[in-house]
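Residues per chain, in single letters:
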Amino acid sequence: MGETIILYPSPLRGHIVSMLELGRLILKRHPRFSVIVILSSASAAAPTPVANSSSITVLHLPPSAAAPAEGNQTPFDLARRDISNLRLALAAIAAAADLRALIIDGFSDAAFPVAAALGVPTYYYFTSGAAALAAFLHLPTLHGSTTKSFKDLGDETLNIPGLPPIKASDMPPVMHDRNWRMYGYILDNCRNMISSSGIIVNTCESLESRIIRVIKEGLCVPDRPTPPIFAVGPLVESKVDGDEGGGDKREKRHECLSWLDSQPSRSVVFLCFGSEGRFSAAQLKEMASGLERSGVRFLWVVRPPPRDASAKSTSGSNDGDDTSIEKFMPEGFLERTRERGMVVKSWAPQIQVLSHGSVGGFVTHCGWNSTIEAVHAGVPMVAWPLYAEQKVNRAFLVEDAALALPLSMSDEDGFVSADELAKRVTELMVGSGEGKVVRERVLAARDGVVEALSDGGSSQVSLAAVATLWKRG
């Protein structure tokens, strides 16, 4: 097989998609390498877009005989169950090929000591941006500076090098209690990243130049050397078949695209919150009222509320629910807005929507895939973070890069009022005040991304730099 690079993503569709794009990029720019993607045994439970990756060898690990960990199974736990089979696969490939590097993501962190024992250089592919990377690299320092959990620090400010000041409560929710198993996994992951051969980041120099510079200068890891950082993105899914969270293959053109064809240029605001984002019935009604008051044209992807009716916003999955979305809207809303709005249940082809000429704004949960898709398309944003590292991304988008407008949210439960949504959507779409600045900044960011990904651009230079390390073995 010659010089070989192995990619081992966690069994989350968004991570698999992004890792496959990295594999395609490596083959396109550096075809001397063979690329093998090893998929977790848990990946079989979710649809994975590997059919069009014929130039990439895809191996599925067999189901593990290891007993599952107690409690809810996190992606970290799923990776740990695959350790024995992964060790066998890596050893077999190393015996048959010139294995130059293993690339893993954060959730597949259990592979790091396995690769180290086999003497395989290991690189991390960070699927989010440099802002979140700065927070993760600085976590061991934050952990050692206090005995308190983030939940106990509450609104206290965290000073993370490269980032605007953020509240402790804005760190990813799964990290709020240092006694949680998930916190321990993430802390181990951060320490392993720091010890790795390098970190490949799904961003580019022009988009996050100041943060990348701060990381490279070692300010996020004050007590140890920082590994080499390679900003090779942003990589957007090349097969346009859904949003970042997935959905099944849809061969026919989605009806929302035909509706967009009939709308004026840059007149529609698109509201979509990833595959896991959903709101309470009360928040959905408030959002509908806000959109109606704004008078703006809109395309809104709505998922049924979480089963826990008390939740204001959460992540979850009950899209199989055949309940009509209309029951969650104010009475008569769909009829009153049918001339200027469209509500779609659960799914829309996000990349195609953002690239459509009629779309002029995006209300987003600040997931990184959604963020870079919007920047690629030159679409300004309103930031409505819900979970994971999204509040860290919001800090970057709103305060550092000015690519998004903020929303005033309840400190208690994240609730957003109709008046607040109407105000921000109108400001974005009319292009007044801060909305004008955001529109101009996102167009400049789009041009910077295009340049970075072009021949000789910064992202291609970064990829060439890491490829040089692989060639040296």
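Bear in mind the structure is a predicted one, so any value in this text is a computation, not a measurement. Here the residue numbers are simple positions, counted from 1 along each chain's written sequence. Only residues with pLDDT of 70 or above have their local features reported here, since the model is predicted, and side-chain atom pairs are shown and tallied only from 80 upward, although totals for entire chains, interfaces and linings are computed over all residues. Side-chain calculation: all heavy atoms of the structure are included, whereas hydrogens and water are not.

Novice: Can you help me understand the overall build of the chain in this one?
Specialist: In terms of regular secondary structure, the chain is built from 17 helices and 17 strands. Values of the radius of gyration come from C-alpha atoms, whereas the globule rule sets the reference at 2.2 Å times the count of residues to the power 0.38. A compact globule built from 473 residues should have a C-alpha radius of gyration of about 23 Å, and the chain, at 22 Å, falls within 12% of that. Principal axes of the C-alpha set define a box for the chain whose edges measure 65 × 50 × 45 Å. Only protein chains enter the calculation, and the probe is 1.4 Å; a residue is then buried if its accessible area is under 20% of its type maximum, exposed if over 50%, and partly exposed in between. When the 473 residues of the chain are sorted by exposure, 59% land in the buried category. Note on definitions: a residue-residue contact is assigned when non-hydrogen atoms from the two residues lie within 4.5 Å. The long-range share in the chain, meaning contacts at least 24 apart out of those at least 6 apart in sequence, stands at 73%. The way it works is that DSSP assigns letters per residue, a run of H or I at least four long becomes a helix, a run of E at least two long becomes a strand, and they are numbered from the N terminus.

Novice: Help me understand helix α16 (residues 434–453) in this model?
Specialist: Think of an α-helix as 3.6 residues a turn; residues three or four steps apart then line up on the same face. Expected helix span is taken as 1.5 Å per residue step, with the number of steps being one fewer than the number of residues. Given a rise of 1.5 Å per residue, 20 residues ought to cover 28 Å, and the 29 Å separating the end C-alpha atoms of α16 matches this to within 8%. In this structure, the buried side of α16 is in contact with α13 (368–377), β16 (381–383), β17 (404–405), α15 (418–430) and α17 (458–472).

Novice: Would you explain the side chain of T74 in this entry?
Specialist: Tracing the backbone shows T74 in the loop between β3 (57–60) and α2 (75–81). In terms of polar contacts, T74 uses its side chain to reach the side chain of D77, at 2.9 Å. In this view, T74 contacts R181, M182 and Y185; residues no more than four positions away in its chain are not counted. By the criterion applied in these results, polar contacts are pairs of N or O atoms within 3.5 Å in which, for protein atoms, one can donate a hydrogen and the other can accept it, and in which residues neighboring in sequence qualify only through two side-chain atoms.

Novice: Please clarify how helix α14 (residues 390–400) should be interpreted in this entry.
Specialist: Residues of α14 that are buried include every one of Q390, V392, N393, R394, A395, F396 and L397, and no others. Those residues of α14 that are buried lie in contact with α5 (130–145), β7 (166–167), α8 (209–216), α13, β16 and β17. In the stretch just after α14, A402 is the one whose phi turns positive, near 55 degrees.

Novice: Can you walk me through unusual backbone geometry in this structure?
Specialist: Most peptide bonds are trans, and most residues other than glycine sit at a negative phi. With an omega dihedral of 0 degrees, the bond running from G233 to P234 counts as a cis peptide bond. Within the element layout of this structure, P234 appears in the loop between β9 (229–231) and α9 (255–261). Phi at R266 is positive, roughly 55 degrees, even though this residue is not glycine. One can find R266 in the loop between α9 and β10 (268–272).

Novice: Just to check I follow, could you spell out the environment of D77 for this structure?
Specialist: Mapped onto the elements, D77 comes out in helix α2. Through-space distance from the C-alpha of D77 to that of A110 is 8.8 Å; in sequence the pair is 33 residues apart.

Novice: Quick question: what am I supposed to make of the environment of P63 here?
Specialist: Here P63 lies in the loop between β3 and α2. Sequence separation between P63 and L291 is 228 residues, and the spatial gap between their C-alpha atoms is 47 Å. Excluding anything up to four places from it in sequence, P63 contacts S41 and N85.

Novice: Please clarify how the packing of aromatic side chains should be interpreted in this entry.
Specialist: Each Phe, Tyr or Trp ring, with Trp reduced to its six-membered ring, pairs with another whose centre is within 6.5 Å; inter-plane angles below 30 degrees give stacked pairs, above 60 give edge-to-face pairs, and intermediate values give tilted ones. Tallied over the entire structure, the rule returns 13 aromatic pairs. Aromatic pair F126 and F136: ring centres 5.8 Å apart, planes at 70 degrees, arrangement edge-to-face. Separated by 10 residues along the polypeptide, F126 in strand β5 (residues 122–126) and F136 in helix α5 bring together distant segments of the chain. Summarising the aromatic geometry, the rings of F298 and F333 are spaced 5.9 Å apart at their centres and angled 20 degrees between planes, so their arrangement reads as stacked. Of this pair, F298 sits in strand β12 (residues 297–302) while F333 sits in helix α11 (residues 333–336), placing them 35 residues apart in sequence. Feature note: the residues F33, Y123 and W470 constitute an aromatic cluster, connected by ring pairs. Stacked on the ring of F33, the Lys or Arg R32 has its end atom at 5.9 Å from the ring centre. We call a charge positioned above a ring when the Lys NZ or Arg CZ atom is no farther than 6 Å from the ring centre and deviates by at most 35 degrees from the ring normal.

Novice: Is there a simple way to think about the pairing of strand β15 (residues 359–364) in this case?
Specialist: Moving residue by residue along a regular strand, the side chains alternate between the two faces of the sheet. Across the 6 residues that make up β15, a large majority, 6, are buried. By the bridge criterion, 5 bridges tie β10 to β15 in an arrangement that is parallel. The partner of L271 across the bridge, within β15, is V363. For two strands to be treated as a pair, DSSP must find no fewer than two bridges joining them. Where β15 and β16 come together, 3 bridges link them in parallel fashion. Each bridged residue has a counterpart across the sheet, and for T364 the counterpart in β16 is A383. With strands facing away from the observer, any crossover in which the path from the first strand over the helix to the second runs clockwise is taken as right-handed. After leaving β15, the chain enters α13 and then returns to the sheet as β16, a path that is right-handed.

Novice: Explanation requested: the environment of F76 in the structure shown.
Specialist: With respect to the helices and strands, F76 occurs in helix α2. A C-alpha to C-alpha distance of 15 Å links F76 and Y125, two positions 49 residues apart in sequence. Discounting residues that sit within four places of it in the chain, F76 has contacts with G106, F107, D109, M182, Y185, I186 and N189.

Novice: Looking at this structure, I do not really get the pairing of β12. What am I missing?
Specialist: Counting buried residues in β12 gives 5 out of 6 residues, a clear majority hidden from the surface. Here β10 pairs with β12 via 4 bridges, running parallel. Bridge pairing in β12 links V268 to R297. With 5 bridges connecting them, β12 and strand β14 (residues 341–345) associate as parallel partners. From the neighbouring strand, F298 faces β14, where its bridge partner is G341.

Novice: When you look at the sheet that holds β17 in this model, what are you seeing that I'm missing?
Specialist: Taken in spatial order, the 6 strands line up as β14-β12-β10-β15-β16-β17 in an open sheet, and their pairing is parallel. The two strands at the open ends of the sheet, each matched to only one other strand, are β14 and β17. Axis lines are fitted to C-alpha atoms, over the contacting stretch for helices. Their N-to-C directions set the angle, which ranges from 0 to 180 degrees. Strand contacts of α15: β10, β15, β16 and β17, with the helix running at about 150 degrees to β15, the strand carrying the most contacts.

Novice: Looking at this structure, how should I read the pattern of salt bridges?
Specialist: Side chains that differ in charge, positive against negative, can pair when their charged atoms come close. Note on definitions: salt bridges are taken to be side-chain nitrogens of Lys or Arg within 4 Å of carboxyl oxygens of Asp or Glu. This model, assessed by the stated rule, comprises 23 salt bridges. Two residues, D155 and K167, come together in a salt bridge whose shortest N-O distance is 3.8 Å. Here the residue D155 occupies a position in the loop between α6 (150–153) and β6 (157–158), and K167 occupies one in strand β7, the gap between them amounting to 12 residues. According to the relative accessible area criterion, D155 is exposed, its value standing at 53%. The exposure class of K167 is partly exposed, given its relative accessible area of 27%. Among the salt bridges present, the one from R446 reaches D447, with a minimum N-O distance of 3.6 Å.

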